[in-house]
Amino acid sequence: KWQSCLNLLEIEMKTVLLLSLFLTTTAFAEAGVTVHLGGISKHTLGSETYKVGGKEKKFESNHKLVALEYKKVIAGGFVNSYGVDSQFVGYVWSKELESVPVEVSAVTGLVYGYGKGYKSKGSKKILPMVVPAVHVKIYENEHFKVKVGAMQVMRATAATLKVEF
């Protein structure tokens, strides 16, 4: 149990250190970088559980997403629904709606971290991905915008936060 607490703390500390580094630089604002965070999910399609070796397991619901977007290219990492660290890279297609502060988008790209049948922790593979999303602007000043939203990743609908510099 201590080991899993230490692993969680290590992931959280890496996230805090990474964000601190990025948020303390003015280069983000000048470059037009977007930080994506979140990934608290609800498995909306199908079951909330899956079987491994005859045992019923619950899907992860905190995916610990951290990603950076620059000039429509996005790369990041997260813990997938099966509890496996995963990384992705992709292109962001987005459209800001004119009449309301809403952005609709989709990321197309590649993800690494799923195994055979998507459930295996061994033999990870690179797979194609398409992730649709919608975000609503909740705050804006001269330096950055904050948006909250939801994205659909396979069977999970996940809440996300975007900070656009």
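Details of the structure are given in the entry above.
Heads up: these notes are all about the structure in this document.

1. A look at the side chain of Glu69
So, step 1. Counting through the fold element by element, Glu69 comes out in strand 4 (residues 62-70).
So, step 2. Although buried, Glu69 forms no salt bridge, and the nearest oppositely charged side chain, Lys162, lies 4.6 Å from it.
So, step 3. Reaching out from Glu69, the side chain makes a polar contact with the side chain of His36 at a distance of 2.8 Å.
So, step 4. Not counting residues within four places of it along the chain, the set of residues in contact with Glu69 comprises Gly32, Val33, Thr34, His36, Ile74 and Val92.

2. Some remarks on unusual backbone geometry
So, step 1. For Lys72, which is not a glycine, the phi torsion comes out positive at approximately 75 degrees.
So, step 2. Of note, Lys72 is situated in the loop between strand 4 and strand 5 (73-79).
So, step 3. Despite not being glycine, Met154 shows a phi value in the positive range, around 55 degrees.
So, step 4. Note that Met154 resides in the loop between strand 9 (145-153) and strand 10 (156-164).
So, step 5. Taking relative accessible area as the criterion, Met154 reaches 44% and is therefore assigned partly exposed.

Rules and cut-offs
- Residues numbered from 1 in each chain as written.
- Predicted model: local features only at pLDDT ≥ 70, side-chain atom pairs only at ≥ 80, totals over all residues.
- Heavy atoms only, no water.
- Helix = DSSP H or I, 4+ residues; strand = E, 2+ residues; numbered from the N terminus.
- Buried < 20%, exposed > 50% of the residue type's maximum accessible area, 1.4 Å probe, protein only.
- Lys, Arg positive; Asp, Glu negative; His and termini not counted.
- Salt bridge = Lys/Arg side-chain N within 4 Å of Asp/Glu carboxyl O.
- Polar contact = N/O pair within 3.5 Å; in protein donor to acceptor, adjacent residues only side chain to side chain.
- Contact = heavy atoms within 4.5 Å.

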